[in-house]
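# Notes for the structure review
Letter by letter, the chains look like this.
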Amino acid sequence: MAAQLKLLEETKQDLPPRDPAHLSFSLLEIGTAGNVAVVPESEESPNLRLSTVPNGLPPVLPDVKEELEKYLTCPASLLVSQKFWPRQPCVENLYHMDSCPVQSTLQVKRKPTTGELLGYEEVDVVDTGISAKNSTSLARPPGPLSEAVRGSSTNFPFWPGGMDEPSLDVITKSLESATVDLEHDLETVPPGFECGMSFEEEKDEKEEAVPIETKTGTVLTLNDIVGDFDDLDLMGDDEEENDEQRREDDMDESAQIPRSESLEDMLIKNEEEKAAEDTPVKVARPVEEQWAVNVDISTPVSDFYKRIPDPAYRWPFELDVFQKQAILRLENHESVFVAAHTSAGKTVVAEYAIALAAKHMTRTVYTSPIKALSNQKFRDFKTTFSDVGLLTGDVQIHQEASCLIMTTEILRSMLYNGSDVIRDLEWVIFDEVHYINDSERGVVWEEVLIMLPDHVNLILLSATVPNTLEFAEWIGRTKRKKIYVISTLKRPVPLEHYLYTGNSNKTSNEKFLIVDSTRNFMTKGYYKAVDAKKERASKHSTSYGAKGVRQGNPQQDKNVWLSIVGMLKKSDGLPVVAFTFSKKKCDSNASQLTTLDLTTSIEKSEIHVFFQKCVQRLKDNDRKLPQVLHMKELLKRGVGVHHSGILPILKEVIEMLFQRGLVKLLFATETFAMGVNMPARTVVFDSIRKHDGMAFRDLLPGEYIQMAGRAGRRGLDTTGTVFILCKGDVPEMADLHKMMLGKPTKLESQFRLTYSMILNLLRVEALRVEDMMKRSFSEFHTQKDRKVRQRSLEEMSKKLKTMKDVDCTKCKADLEEYYLRCKEIQDLRTSLQKIVITHPQAVKALSQGRIVIINNSKHKSALAVVLSVSSSSSAERTFKVLVLTEKSPDSNSVQNSVSKDNTVTDCDVLPITANSTKLFQPEGAGDHTVEEITGDDMGGITTRVLKVAADNIIADYKKRQQLRFRNDPPGQSCSVATQELLRITHANPDGLETLDPIADLHIRDIDLVERFKQKQFLEKTIENFTCVNCPHFQKHFQEMHEIMKVKGEFQRLKYLLSDQSLQLLPEYQLRISVLRELRYIDGTNTVQLKGRVACEISNHELIITELVFENVLTSLDPTEIAALLSCMVFQEKRCSEPKLTETLEQGKQRIIDVATRIGQLQVHSGLKIPVGDYVEQFRFGLTEVVYEWARKMPFSEITDLTDVSEGIIVRTIQRLDEVCRDVRNAARIIGDPVLYKKMEDASSAIKRDIVFAASLYTQ
């Protein structure tokens, strides 16, 4: 053993320092007792096993490589659990070959006039071999029937309308016009490769270093080389001499003056040509094309039935003028934008488009912002038209119908996935277009409008908005088609607005009209309401007017509601919608009114029968849910509650009963105003303040009008009534006036970049994300003048070519560089001066009597004294100063402060010379003027201060501006100040010392200090330029300014026409870098496998894709997967903390870790999305609920696990099913059958009972 250890120590010393693979010994395990022997390696036995059988090494050692090769190449010898089916050769398979598509076809030639057959000609067949996988053309063949409606993520979208579709001719012409250098322009690195192949011949450095030698071995000298040229006969010398001779003859001929021309004529012509050159070229601005056409609806359409003798649809009532005008446009196959109030009859336009498409045997898509509205519209259109289908996230009904109703998100997915439904589309109807202002989902409308093909016409239905023409102009310019705007402010049922101050039976009639039916604000009614509140105010809450913001006592709410409902019942004001901006308050208000009964016994019976019929489809346990039983009791008394916390089936029951007139009082949130036409007799506002997710604020005019528009039933009521409850103090008159009579919110772009949009567009090489950004509503104002800028750019290019450089030997060297340096210094001075002026020390220094130096268009380096300072903010502060000027020969005017040496031209950039710092010195006694300046006009703040009578100077100067005192001499205060400024100027002709920003003003900001140092350094470099010594420097500088001005304008126009001017381009580049880091795309922006998976996912595509690729979900149970994925769709910020199992806690932590990593990557790439905000959007409040639901726990028991309302739970699980389908499709793409099966099981586990009960509107 000692010998072995000694051998080990000796061998150890010879070990290589780092690489363990080159050890010169091995440890051999002997037997089974754990004994180890050191075996030195030798050339005879290099491959020894590290362990032996108990009896020592076997005599023959098999080769490991041979065993591995045998294992890999002989599948038949694998384990018994694996089966191998030997391949049967079939030679006949080699006989089959796919036929090549036909490249040409025969076309008949006929005589145009008679149709006589003249013969045949062979023509090329275009678009051969195209499919949905490689072409955006509508001429491509349809895909498989299974992808006809939804399309596929591997399909190309159809080419968007309004963009120039690339054709073969255009591509061929562009290639022909492009000059390709086959020696230098060819790429050597293929796309996706890190390196390529270079075909250049490598030269030996030794050969290059050897000097050229002659055959005899002597080195060639320069004289030898030059001497050889004398003997060379360069071909073409005679021809060049002949060409030069011919050019000289032509010049001589052109220089000869005809006898008919006199010297005077030549001089006149030369002067005219010179004047023409000096005259600036004026670019004629082309007439801007209008894409939005405002349709006049003030006059009736008398010949409507003559122009449309056979309409596609007829109504039992006479149409309004705006409806007739819209139908006329539809008959002409034109797009319309209809903006009208709620209940005005916009749906008539949609109905006619549906009927017209059925007549033309085409299709119509009706889009709505929310799923509930899609279901309601399906029921309404189903009664009018039989051929109607519905497409939502979880429901597909009659997909082959002529009219398809869907949400806007579904249509966007169909467009990106190249659905064949798009081929047959004639109309797309966008309902509730003002929903484009939604910050979260408004981008979807813009994407759809941009991506729709050219053959699809648009019908946009919206509430009244102030910028309909602007929005229609954007759509028309984007799609290159006229949009006819039909807007009406007329309400079919006018509204009257009241303040209600009653709170008991005695005061139940205290209602005060503040806006009448003609939209006049009644101030008397407002003051009467204030007086009524004042009379009843208690001693401790006495207040007058609308000073307070108290909202009343919640305990008194019951009395207020009993009072107003009793008053409305007596005055036949029912049914009423009570808008309350809190779900809890809706429930509490309805629950408090236990004594209120608004229905008759017949109505109670009808409500009971209908309710039982609707809930019959539910299980017994679901029918006994507390919310179902509670709502049943409320509905019997004619009271309903409608908000997102109510079960979807109950909301539909309430809506249907309300439409029948059986629900008399409905407490609802704002979402009810987004629904279908459900008007009431009266609308009541519990409050005019709401929480918008950030803070409490008053209702916007658009929001108030949308909700108040529910009052008034067309054909039943002459006027609609709106009440605002004054539970506490009466709101401010100004706030009420703004809310009721103010302009609605403008349609504004909410366009933003998403990873899904970027990946879907990168899939198609011909479509660019930059083109999508250019056509967004946010870029409309910068892109609408594109054609004008293109023409201006061409004119600037021509003008730039005609301009000559400065003809001066001294200035040619560095005049342009000098000009740019002066411009840089001037810009730096201006920017720093703005900062200095706002600095507290500078504000303190710029007080009365401070001497400053003025530099602007009127005064050049002129001294002035500060008289007064305005009290506005620092950025907008102005100064009244007395400025030293030249004495004017005309007593009625004052000259500018400009010396002969420092002539101020019309240049934006002034030359910086040795005389630039010299102060202006008037010739003679000088004069003064009083002006108001800003900080930009100050060239410097001096260290000098004068004692002046500022008020006297200002008063004296104002007096002398009057006509009768204009010739009076200046007062003593003005004269003293002027003479003192003149004395200081003569004493310091080279300039005064100014306050140093760092030493005097104590500026300590590092960036500012660096910029001040940079300015000082640049000012010193000015002395090194030689062009300032030119005798005609001022003239040449002016010429250079004109050249640089044209160049600058050329560069500005070029920038505005390029992609670099897009506002979202920096963010797009940052998101591209994130996708590259995550390997969704490669260096050439080609979508990789992870990117293809992300295209399948509609929500939170990055984190779900990462979870799939990191196998976070594969090892979990389907119930656990569904529970964890609920964080992707649950949106409530506040809820009880769930109790999770250990596995769920680990899964939750892994999701948070992945989200944190993505958030950190986004921040590292430059995106301004805080990591905390990104992680917080994944909320696990319903994880326990979904887990137990997937494990078949009844819904009645699930509600006890959380304080989240039943409606939110149902909505979350319904949206979760869409996420499960997305993950299932992702598993299919990457080839993971285990995850695919688990996602199917998870989806089937949650799809049951009341959560996925069929909508009543679809039955």
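Cut-offs applied
Residues numbered from 1 in each chain as written. Predicted model: local features only at pLDDT ≥ 70, side-chain atom pairs only at ≥ 80, totals over all residues. Heavy atoms only, no water. Phe/Tyr/Trp six-rings, centres within 6.5 Å; stacked < 30°, edge-to-face > 60°. Buried < 20%, exposed > 50% of the residue type's maximum accessible area, 1.4 Å probe, protein only. Helix = DSSP H or I, 4+ residues; strand = E, 2+ residues; numbered from the N terminus. Lys NZ or Arg CZ within 6 Å of the ring centre and 35° of its normal. Lys, Arg positive; Asp, Glu negative; His and termini not counted. Salt bridge = Lys/Arg side-chain N within 4 Å of Asp/Glu carboxyl O. Contact = heavy atoms within 4.5 Å. Pairing = 2+ DSSP bridges. Axes fitted to C-alpha atoms, helices over the stretch in contact; angles between N-to-C directions. Expected span 1.5 Å × (residues − 1). pLDDT = per-residue confidence, 0-100. Parallel < 35°, antiparallel > 145°, perpendicular 65-115°, else oblique. Left-handed = near helix turned anticlockwise from the far one by under 90°.

In total, this model carries 26 aromatic pairs according to the counting rule given. Centre to centre, the rings of Y313 and W315 are 4.8 Å apart; their planes meet at 75°, and the pair counts as edge-to-face. The class for Y313 is partly exposed, based on a relative accessible area of 25%. Centroid distance Y819 to F1037: 5.5 Å. Interplanar angle 45°. Geometry classified as tilted. Taken together, the positions of Y819 in helix α28 (residues 809–838) and F1037 in helix α33 (residues 1033–1057) put the pair 218 residues apart, joining distant regions of the chain. A relative accessible area of 4% places Y819 in the buried class. Put simply, the rings of Y313, W315, Y352, Y366, F381 and F385 pair up and form one aromatic cluster. The ring of Y498 has K511 sitting right over it, with the charged end atom 5.4 Å from the ring centre. Above the ring of F1109, the side-chain terminus of K1090 is found at 5.7 Å from the ring centroid.

Tracing the backbone through its elements, the reader meets R763 in the loop between α24 (755–762) and α25 (769–774). Nearest to the buried, unbridged R763 among oppositely charged side chains is E1096, at 8.4 Å. Once you skip the residues sitting within four places of it in the chain, R763 turns out to touch S153, T154, N155, F156, P157, Y416, V1087 and C1095.

Taken in spatial order, the nine strands line up as β5-β13-β6-β12-β11-β7-β10-β8-β9 in an open sheet, and their pairing is mixed. Strand pairing shows two members of the sheet lacking a second neighbour, β5 (292–294) and β9 (396–397), which therefore form its edges. Two strands pair when backbone bridges link them, and strand β6 (residues 335–339) and strand β12 (residues 457–462) are joined in this way by four bridges, in the parallel orientation. Directly across from V338, in β12, lies its bridge partner L461.

This part covers unusual backbone geometry. Backbone torsion omega between L574 and P575 reads 0°, so that peptide bond is classified as cis. On the secondary structure map, P575 appears in the loop between α16 (557–570) and β16 (576–579). Although it is not a glycine, H1100 sits at a positive phi angle of roughly 50°. You can see H1100 is positioned in the loop between α35 (1089–1095) and α36 (1101–1109).

Here seven strands make up an open sheet; going across it, the order is β15-β14-β22-β19-β16-β18-β17 and the pairing mixed. Across the chains shown, the open sheet's two edge strands, defined by having one partner strand only, are β15 (511–515) and β17 (639–642). Strand-to-strand twist of the sheet, defined as the mean angle between neighbouring strand axes without regard to direction, takes the value 25°. Bridge count between strand β14 (residues 495–500) and β15: four bridges; the pairing is antiparallel.

In this model, helix α38 (residues 1142–1165) (24 residues) spans 35 Å end to end at C-alpha, consistent with the 34 Å of a helix rising 1.5 Å per residue. Inspection of α38 places L1144, G1147, K1148, I1151, V1154, A1155, I1158, G1159, L1161, Q1162 and S1165 among the buried residues, and these make up the whole buried set. Where α38 is buried, its residues contact α24, α34 (1065–1077), α36, α37 (1118–1125), α39 (1171–1176) and α40 (1183–1190). G1166, located one to two residues past α38, shows a positive phi value of around 115°.

Our next topic: helix α14 (residues 468–479). Look at α14: 16 Å from first C-alpha to last across twelve residues, which is about the 16 Å you get at 1.5 Å a residue. The buried fraction of α14 amounts to nine of the twelve residues, a majority that puts the element mostly inside the structure. Every buried residue of α14 is listed here: T468, F471, A472, E473, W474, I475, G476, T478 and K479. Along its buried surface, α14 packs onto β5, β6, α13 (442–451), β12, β13 (483–487) and α26 (780–783).

Residues of the protein chain with pLDDT of at least 70 account for 81%, and the chain-wide mean is 80. Counting interchain partners and residues more than four positions distant, the pLDDT-below-50 stretch residues 250–286 has ten contacts.

A few words now on the packing of α28 against α33. When two helices pack together, you describe them by how their axes are tilted relative to each other and by the distance separating the axes. Contact geometry of α28 with α33 gives a least axis separation of 10 Å together with a crossing angle of 60°. It follows that α28 is oblique to α33 by the angle criterion. As for the relative orientation of α28 and α33, their crossing is right-handed in sense. On α33, the residues touching C811, L815, E816, Y818, Y819 and L820 of α28 are F1033, H1036, F1037, M1040, H1041, M1044 and K1047.

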